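What follows is the residue order along each chain.
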Amino acid sequence: MADLPGTIAELLSGDERLAEAAAACLPSLGTEALPRLLELVTSREPDVRWWATRALAGFSHAAAAQAILARLDDPEASVRQCAAVALRGRTSAESLPALAKALDDQDALVARLAADALASAGAAAIPHLEAALQSSARRARLEAARALSSLHDPRAIPALYAALNDPSAIVQHWAEQGLEALGQGMVYFSPG
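So, here is what we can say about the structure in this document.

The rules behind these values
Residues numbered from 1 in each chain as written. Predicted model: local features only at pLDDT ≥ 70, side-chain atom pairs only at ≥ 80, totals over all residues. Heavy atoms only, no water. Buried < 20%, exposed > 50% of the residue type's maximum accessible area, 1.4 Å probe, protein only. Helix = DSSP H or I, 4+ residues; strand = E, 2+ residues; numbered from the N terminus. Arc of directions from axis to C-beta. Contact = heavy atoms within 4.5 Å. Phe/Tyr/Trp six-rings, centres within 6.5 Å; stacked < 30°, edge-to-face > 60°. 1 Å grid on protein atoms, 1.4 Å probe; cavity = no way out; pocket = protein on both sides within 12 Å on 5 of 7 lines; lining within 4 Å. Points joined across faces, edges and corners; volume = space filled by probe spheres on them. Axes fitted to C-alpha atoms, helices over the stretch in contact; angles between N-to-C directions. Salt bridge = Lys/Arg side-chain N within 4 Å of Asp/Glu carboxyl O. Patch = residues over 30% accessible without salt bridge, like charges linked within 9 Å, V, L, I, M, F, W, Y side chains within 5 Å. Areas by Shrake-Rupley, 256 points an atom, 1.4 Å probe, with all protein chains shown as cover. Lys, Arg positive; Asp, Glu negative; His and termini not counted. Charge placed at Lys NZ, Arg CZ, Asp CG, Glu CD.

To continue, consider helix α1 (residues 4-11). Of all the residues in α1, the buried ones are Leu4, Thr7, Ile8 and Leu11. An end-on view of α1 places all buried positions within 100 degrees of arc, on one side of the element. Looking at the buried side of α1, the elements it contacts are α2 (16-25), α3 (34-40) and α4 (46-56).

Attention now goes to the packing of aromatic side chains. With the rule as written, the count across this model stands at 1 aromatic pair. Aromatic pair tryptophan 50 and tryptophan 51: ring centres 4.7 Å apart, planes at 75 degrees, arrangement edge-to-face. Residue classification places tryptophan 51 among the buried residues on the basis of a relative accessible area of 14%.

As a volume, the largest pocket reaches approximately 170 Å³. Contributing to the lining of the largest pocket are Leu69, Leu72, Asp73, Arg80, Ala98, Lys101, Ala102, Asp104, Asp105 and Gln106.

Unusually for a residue other than glycine, histidine 152 sits at a positive phi of about 55 degrees. Along the chain, histidine 152 turns up in the loop between α10 (138-151) and α11 (157-163).

Let us look at the packing of α2 against α4. Angle between the axes and distance between the axes are the two parameters that describe a pair of packed helices. Two elements in contact, α2 and α4, have axes whose closest approach is 8 Å; the angle formed by their N-to-C orientations is 40 degrees. The residues of α4 that touch α2, namely those facing Glu16, Ala19, Glu20 and Ala23, are Trp51, Arg54 and Ala55.

Attention now goes to the side chain of aspartate 116. Its place among the elements puts aspartate 116 in helix α8 (residues 108-120). Ignoring sequence-local partners within four residues, the contact set of aspartate 116 consists of Arg88 and Arg146.

Let us look at the pattern of salt bridges. Inspection of the entire model under this criterion finds 10 salt bridges. Between aspartate 105 and arginine 80 there is a salt bridge, and its shortest N-O distance comes to 2.8 Å. Here arginine 80 lies in helix α6 (residues 77-87) and aspartate 105 lies in the loop between α7 (95-101) and α8, a separation of 25 residues in the sequence. What makes arginine 80 buried here is its relative accessible area of 5%.

Another point: a negative patch on the surface. Together, Glu16, Glu45, Asp47 and Glu76 line one region of the surface with negative charge. Relative to the elements of secondary structure, glutamate 76 occurs in the loop between α5 (62-70) and α6.

The values reported here are purely geometric and, on their own, carry no functional implication.
Here you go:
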């Protein structure tokens, strides 16, 4: 069994292979590791915050989820990216508004990863994605339409139809893709 100080040292070693192995190992140390990671996730060093966020992704504890959620507002894009990936598949009602806000992140990858996390939440994310489709921010609308189109949920149909009137051709494209996947695509025929 790994010891906490040694595993933390590997997490912060600068060696990606060792750090990844340490991040995967830390949850097995249980709540003993959690206070140290919660301290590291607020470090002044972006790399330390990134690896702490990565390690916290393996914890199911509410404090870990809160710390990851807070990293969506990190000044460093790579840390926000890590947080969005960590939230994918483990979204909660509390995380959905923050992920929806991240659809307009200045970093395009953060916005895309936030949309992926929202899509992984399924039907619970639909109201947040519908609201994002009303945003004045093109990126937020684009990512919301992309996420809605990937849900394959009939409850998204009204929002996808509305998105067909979006001024952005890319938003319209994703709306069309989503509607087609739901069997609501355009049917072309010759009257005659």
